[in-house]
Amino acid sequence: MNAIILSALGGIVMMFTGIFTQNKIVIKNIAIITLLLLLIGNLLHFYGIYMLHVDVKDMLQFNNFGLFFNTIAFTSTLIYFLLSGTDITKVGINVAEYFALIFFVLCGVSILTSFHNLLMLFLGIEILSIPLYILTGADKKNLKSNEAALKYFLMGSFSTGILLMGIALLYGASGNFSIESVPSTTSKVAEMANSSILTPLGLLFVFVALLFKVSAAPFHFWVPDVYDGAPSVFTSFMATIAKAVGFIAFIFLFESRIAELGPSSRIIIPFVIILTLLIGNITAVFQQSVKRMLAYSSIAQAGFMLFVLYSNNDISSEGILLYSVAYSFATIGIFAILIKMKDYTFEGYNGLAKKEPLIAAANTIFLLSLAGIPLTAGFFAKYYMLLSAIKANGQNALWLVIVAVLFAAVSVYYYFRVIQAMYFKEGNPEIATTNTSFKVILLALAAIIIFIGLFPTVVLNFLYF
Amino acid sequence: MISLLLILIPLFTGLLTFFLKQEKTAKNFSIFSSVITLGTVCIAIFFAQNNQLLFNTQWLPALGSRFSISLDGMSKALVLLTAISFPVVFIATYTNKYKSSHSFYALMLLTQAGLMGVFMATDALLFYFFWELALIPVYFLSSIWGGEKRIAVTFKFFIYTFIGSLLMLVGILYLYFNTVVPSFQIKDLLAAKISLKEQNILFWLFFIAFAIKMPIFPLHTWQPDAYEQSPTAVTMILSGVMVKMGLFAVLRWLVPLFPESAKTYSNIVIALSVIGMIYASLIAIKQDDIKRLIAYSSIAHIGLMCATIFTQTVIGTTGVMLQMFNHGINVIGLWIVADAIEQQLGTRKFSELGGLAQKAPSLAILFVILALANIALPLTNAFVGEFLMFNSLFQYNVWVAAIAGISIILAAVYTLNMVQKILYGNTVAATEKALDTTLNINWMLIVLVVIVFALGVYPQPIIDLTKDTVNVIVQNR
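If you're wondering where the values come from, they're calculated on a predicted model, not measured in any experiment.

A. Quick peek at the interface of chain A and chain B. Taken together, the contact pairs 37 residues of chain A with 34 residues of chain B. Between chain A and chain B, a total of about 3,200 Å² is buried, with carbon and sulfur atoms accounting for 84% of that surface. Viewed at the interface, chain B and chain A are joined by zero salt bridges. For the pair chain A and chain B, the number of links is three residue pairs in polar contact (both at pLDDT 80 or more).

B. View of the pattern of salt bridges. Residues and elements named next belong to chain B. Scanning all chains against the criterion turns up 18 salt bridges over all chains. Taking the shortest distance from any N to any O, the salt bridge between Arg252 and Asp72 comes out at 2.7 Å. With a gap of 180 residues between them, Arg252 in helix α10 (residues 232-257) and Asp72 in the loop between β2 (65-70) and α3 (73-92) connect regions that are remote in the sequence. We classify Asp72 as partly exposed; its relative accessible area is 22%. Among the charged side chains, a salt-bridge network with shared partners connects Lys156, Asp225, Glu228, Asp289, Arg292, Glu342 and Arg348.

C. A look at the domain arrangement of chain B. All names here are of chain B. Each domain of chain B was delimited in the assignment, giving domain 1 (1-264) and domain 2 (272-477). For domain 1 versus domain 2, the separation of C-alpha centres amounts to 22 Å. On the domain 2 side, the residues contacting the 52 residues of domain 1 number 46 residues. For the domain 1 and domain 2 pair, buried surface summed over both sides reaches about 4,300 Å², with 76% attributable to carbon and sulfur atoms. The largest contributions to the domain 1 side of the interface with domain 2 come from Phe217, Glu228 and Leu251, which together make up 15% of the buried area. For the pair domain 1 and domain 2, the number of links is three salt bridges. Arg292 serves as the salt-bridge partner of Glu228, at 2.5 Å between the closest nitrogen and oxygen. At the boundary of domain 1 and domain 2, one finds ten residue pairs in polar contact (both at pLDDT 80 or more). Within the residue set of the side of domain 1 that touches domain 2, elements represented by two or more residues are α3, α8 (196-213), α9 (222-229), α10 and α11 (259-264). Among the elements that take part in the side of domain 1 that touches domain 2, α10 stands out by supplying 14 residues, more than any other.

D. Spatial organisation of the pairing of β2(B). Residues and elements named next belong to chain B. With five of six residues buried, β2 lies mostly within the body of the structure. Inspection of the sheet shows strand β1 (residues 54-60) paired to β2 by six bridges, in the antiparallel sense. When the sheet's bridge partners are listed, Leu54 is paired in β2 with Ser70.

E. Main features of the nonpolar core. By size, the foremost hydrophobic cluster in this structure holds 379 residues, and its most contacted members are Phe254(A), Tyr383(A), Phe416(A) and Phe310(B). Every residue in contact with Phe254(A), bar those within four places of it in the chain, is listed here: Leu203(A), Val206(A), Phe207(A), Leu210(A), Leu261(A), Leu309(A) and Asn312(A).

F. Inspection of the side chain of Ser178(A) at higher detail. Checked against the element boundaries, Ser178(A) lands in the loop between α6 (143-174) and α7 (191-195). Setting aside residues up to four positions removed in sequence, Ser178(A) forms contacts with His116(A) and Asn117(A).

G. Here's a closer look at the packing of aromatic side chains. For the coordinates displayed, the defined rule picks out 67 aromatic pairs over all chains. The interplanar angle of 80° and the centroid separation of 5.2 Å between the aromatic rings of Phe119(B) and Phe248(B) together place this pair among those described as edge-to-face. Of this pair, Phe119(B) sits in helix α4 (residues 101-120) while Phe248(B) sits in helix α10, and the two are 129 residues apart along the sequence. Like Phe119(B), the residue Phe248(B) is buried in the burial classification. On the basis of an interplanar angle of 85° and a centroid distance of 5.6 Å, the ring pair of Trp204(B) and Phe207(B) is categorised as edge-to-face. Placement of both Trp204(B) and Phe207(B) in helix α8 is noted, with a separation of three residues, approximately one turn of the helix. The exposure class of Trp204(B) is partly exposed, given its relative accessible area of 25%. The class of Phe207(B) is buried, set by a relative accessible area of 3%. Following the ring pairs from residue to residue traces out a cluster consisting of Tyr413(A), Phe416(A), Tyr423(A), Phe424(A), Tyr139(B), Phe140(B), Phe155(B), Phe158(B) and Phe162(B).

What counts, and where the lines are drawn
- Residue positions are given per chain, counted from 1 along the sequence in the order it is written.
- Whichever chain is written first is A, and whichever ligand is written first is 1; the rest continue in order.
- Where totals are concerned, whole chains, interfaces and linings use all residues; where local detail is concerned, this predicted model gives features only for residues with pLDDT of at least 70, and gives and counts side-chain atom pairs only at 80 or more.
- Side-chain figures throughout are based on the complete set of non-hydrogen atoms in the structure, without hydrogens or water.
- Whether two residues are in contact is decided by their heavy atoms: any pair within 4.5 Å suffices.
- By buried area we mean the combined loss of accessible area, with a 1.4 Å probe, across both parts when two parts are placed together.
- Take a side-chain nitrogen of Lys or Arg and a carboxyl oxygen of Asp or Glu: if they are within 4 Å of each other, that pair is a salt bridge.
- For this analysis, a polar contact is any N or O atom pair within 3.5 Å, provided that within protein one partner can donate a hydrogen and the other can accept it, and provided that sequence-adjacent residues contribute only side-chain to side-chain pairs.
- Numbering of helices and strands runs from the N terminus; a helix is a DSSP stretch of H or I covering at least four residues, while a strand is a stretch of E covering at least two.
- Burial status follows relative accessibility: with a 1.4 Å probe on protein chains alone, a residue under 20% of its type maximum counts as buried, one over 50% as exposed, and anything between as partly exposed.
- Where a domain begins and ends is set by an automatic assignment or by a domain database.
- In this analysis, strands are considered paired if DSSP registers two or more bridges between them.
- Only buried residues count toward a nonpolar core, which is a set of Ala, Val, Leu, Ile, Met, Phe, Trp, Tyr and Cys residues joined through side-chain atoms within 4.5 Å.
- Working definition: rings of Phe, Tyr and Trp (its six-membered ring) pair if their centres are within 6.5 Å, and the pair is stacked with planes under 30 degrees apart, edge-to-face with planes over 60 apart, and tilted otherwise.

Structure below.
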């Protein structure tokens, strides 16, 4: 509850800050302080300290899993502010509003990690999405940014429509919005609802809408254009926190309901995983722009995260948290560097290691982590996903796991192209001047990624205290 | 505890070397570090108690993985080889110039740490970690300091190995779920209950990973290019020590874990290995480049070792153990010669060389001895190993032994052809200005040649080192 209230308040505070000051540094620092308060508020919730006692009528339920994801999301946002905060202030003139919108996105995140009612799911997704549409179009004078925003808005509204349709059907089946009244394998609520066609159909609609939000194939078509067109700072945010939370919503709703999609569910999920991995990885190979490559690679990473639906066990829930950490931290780092570059193509990175050895080294660690090389957090993220699949289905999962690791090997190809450009090719990359604190934070982030790569359980122990 | 030092010394000195900006300091420091490691290995092998060679501590309790390493008989030979190779390579290539050489030496030492870990790990997940840790520095070494086609070639090498290791990871995970207690320890994996069908699938998942590393035909295509394009110091490590990772892994993990499958598929594996031997030897005959010739000859030698492992006899396994060590020594010697020629004359093609023996007599003598060891002539170390291996192949199947035997003849053809074209005949323009090799190189070659003769006459020390594990491996099935 703390997180929802504080993030909404934070958004309002940021909006008013814009009235009182136009000083970008002041605004940025207020945003960082507000975010720190939000983080502390969320941590207090772990210890049962609440700001307000609100009767939520069981529409929200808080558990350690959701709260821990909140912590991940807020920490990532904090790192994001620290690394790219200055660049956010450079997008346009409405600086305070950008920060306000980001806080509203975080409010959506907090709702999605605690919803216990289909209406709350809908509200959470809308609160999350609408600020993102605006942020995508933040670069008002840029045609690409406008196009991306419009595209995102239209496609997003369409998927919301599907979501609403699904919720309506589920309501029709049970007469109730609570997710407990949606039949699951553990609790057969209403025999009548169970036998009705409305439940599987409604669940399927919700399933598709959520696939859209997490950019899984075949509902991924908006991703490349939107990620490419949006101002790079906001792409970074969109591709990490706003996306990872989609999987949390998935888990809450579908953890015990995958089977309710009907007998085809056993085909649908492997199909979606493989298609997502295939499209994401293969298309990323052919990109010329690092930013676009990252857009496709984020589709590919979603393919790995979808294993959480395939396995549905304790390992996969732990794994998705670890994946969110590994993926968000690395992506935020890579984007923070990308924003500083003048030229977004692979050639633009040529010779970066000579000019900025520290930045290149950090970037290498982020890329290795995304590729899932051991000693980085990304390895254990993928490891947990594969482990969960084998645990869930044993020998039958083996083929899916083998396909997935082969695609992981493909991903090495495009991630390593950046490393090759930085280290092995000659060139004079144009990079904006960076101050020492940027480099220090970047290296600290890289160190955290390596630390998690050696001791992933340190992060996960958080879940159980 | 002392086994842990073998990983920590190169690891920390390697990390430290990144900060030594002076070229000379970095060079001397890395030689110093590798000599210390060699000394530690000698103490560990010859003086330490057995219980001091184990190290076992908590690492990831939630995952059931422990940081457990052990220096047993099988690893002793290879750890010793690793420890000998690095100082030899560093000293022999002392005069080579590298841009930002501190990073070069740092990455080399990190590779050594990874190799030591691979040879000692007794926990599957830890083994996988070290397997990759040994690969990544090599990727950077070859891509930054290699020849002109280095980027594409090294990348091919990396992708190949990475695919293999990922398949192995899937295999490890699958085994993990079938252990009695969740654990990655080799003894628990050995006790895992898996059906024959599962064993067969897992066998191939592991075997592909190791076959790429060795390399076994038809997965060998990365190897000649990678050897040619890498800087020679790296090639020495690649072919001298790193390919032994594959052979070692077959002996340590594959055969003990899946004994039935190893028996079922032994004919396929042996057939592939023998095809590879003949194929690589034939290609080697047509080569005009010293590096490529040694690369192909290396495929042929590794093929023989892999085939012998799958005959699963005591005598053959002993031969493989011995030969893994010997092949490392011989091939590093040949690379040193190749590097000396290339550094001085700027070419590696036989067609542009000739009559070098007149200009560089000491190099010529040492080169000839190493070349003869490559053909496995009696009195050289390789003879003992190859004799044992052919003996074992003969017991397995006469025809296989006969076909594999052709490769010995072919080895003589290409090796002697190379020696003749480089050393003898008339001096040509390129060799006209050649000088005899420097003291560093000579001394290192002499060290290697002494080992060649010593083990050729009296191979018992290495056999004694590995005897216990050979018996364990062979009796285990």
